[in-house]
Amino acid sequence: MNASDRTPADLLRSALAADPARPLVTFYDDSTGERVELSVATFANWVAKTANLLQGELSASPGDRLALLLPAHWQTAVWLLACSSVGVTAEIGGDPAGADYVVAGPDALEAGLACSGDRIALSLAPLGRRFPQPPAGYADYAVEVPGQGDRFAPFVPVGPDEPALVVDGMELTGAQLVDRARADAAELAATAGDGAGLRVLSDRAYDSWAGLSAGLYAPLAAGGSVVLCRNLDQLAPESLAKRVESERVTVRPAS
């Protein structure tokens, strides 16, 4: 990727400029049989729409904090890059009571009500379906995001030294996040033996830096892609071997 990239949003812009058609995130949920593949262009479009929702509809701005209460999922990856694009700090598993915004999945809706700011709920159902009825106290992401603009421009430029992510009890600036992702990408590429074609299969949870890096940031920093698997323990070993082959996985970090 571009050596001048200093924020996660920079990494995505470089990926889009390099090859918008290549896969970036391929998501499996082995409890439902769901498979979703997002090219760089499609992923970037979701990020732009979500960033416009944050900035335009919710009036989020740099310095705001968002408690992200979601599992490893392609829509979680979208929210992480959208927050970085606006300058909002994503707090993984953060305390909703201390956050300006909360984004929650079905298992965290009750906890998220502690947030006094705007609350967004995701059904995490296949095909990004909406809730049959929006959960009380929440706006439904699947209802709110489709009408947002396909291009995003921040009202205020987001600098590399501004907070971007809170995980594992540490706060990372955009530049620190990118540096860590590049270092992890180099390690993965060495393991794979093919940095140019890095394709990572990860079933790590998105509740730690290790999970976020393997499942999003390191492949993005390497100009590679990720096969993000949820509920992989429900897949038979022979089916996993077929997935690794069919998806052309080059490295699988230990769970």
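Structure shown above.
Residues numbered from 1 in each chain as written. Predicted model: local features only at pLDDT ≥ 70, side-chain atom pairs only at ≥ 80, totals over all residues. Heavy atoms only, no water.

1. Overview of the overall build of the chain
And then number 1: A count of helices and strands for the chain gives eight helices and 11 strands.
And then number 2: In terms of overall size, the chain behaves like a compact globule, its C-alpha atoms giving a radius of gyration of 17 Å where 255 residues would be expected to give roughly 18 Å.
And then number 3: Dimensions along the principal axes, computed over C-alpha positions, put the chain at roughly 45 × 40 × 35 Å.
And then number 4: Residues classed as buried in the chain amount to 54% of the 255 residues present.
And then number 5: Pairs at least 24 residues apart make up 68% of the contacts formed inside the chain by residues separated by at least 6 positions. (Helix = DSSP H or I, 4+ residues; strand = E, 2+ residues; numbered from the N terminus. Rg over C-alpha atoms; globule rule 2.2 N^0.38 Å. Buried < 20%, exposed > 50% of the residue type's maximum accessible area, 1.4 Å probe, protein only. Contact = heavy atoms within 4.5 Å.)

2. Overview of helix α7 (residues 209-222)
Residue pairs three or four apart in sequence face the same way in an α-helix, which turns once every 3.6 residues.
And then number 1: End to end, α7 covers just 17 Å across 14 residues, shorter than the expected 20 Å (1.5 Å per residue, more than 12% under).
And then number 2: Among the residues of α7, W209, G211, L212, S213, A214, G215, L216, Y217, A218, P219, L220 and A221 are the ones counted as buried.
And then number 3: Where α7 terminates, the next one or two residues include G223, which has phi positive at roughly 75 degrees. (Expected span 1.5 Å × (residues − 1).)

3. A short note on the sheet that holds strand β3 (residues 65-69)
And then number 1: If you walk across this open sheet you meet the seven strands as β7-β6-β5-β3-β4-β8-β9, and the pairing is mixed. Because the sheet does not close on itself, it has two edges, and the strands there are β7 (139-140) and β9 (170-173).
And then number 2: Lying over the sheet, α7 contacts β4 (89-92), β8 (163-167) and β9, oriented at roughly 125 degrees with respect to β8. (Pairing = 2+ DSSP bridges. Axes fitted to C-alpha atoms, helices over the stretch in contact; angles between N-to-C directions.)

4. What about the environment of R130?
And then number 1: Tracing the backbone through its elements, the reader meets R130 in the loop between β6 (118-121) and β7.
And then number 2: R130 sits in the exposed class, given a relative accessible area of 52%.
And then number 3: Sequence separation of R130 and A142 is 12 residues, and the distance between their C-alpha atoms is 5.0 Å.

5. A few points about the pairing of β3
And then number 1: Here β3 lies mainly inside the structure; four of its five residues are buried.
And then number 2: Sheet analysis places β3 next to β4, joined by four bridges and oriented parallel. What sits directly across from L66, in β4, is A90.
And then number 3: Regarding the hand of the β-α-β motif, the stretch spanning β3, helix α3 (residues 74-86) and β4 is right-handed.
And then number 4: In this sheet, strand β5 (residues 101-104) lies alongside β3 in parallel orientation, the contact comprising four bridges. In the sheet register, L66 faces β5, and the bridge partner there is Y101. (Right-handed = clockwise from strand over helix to strand, strands pointing away.)

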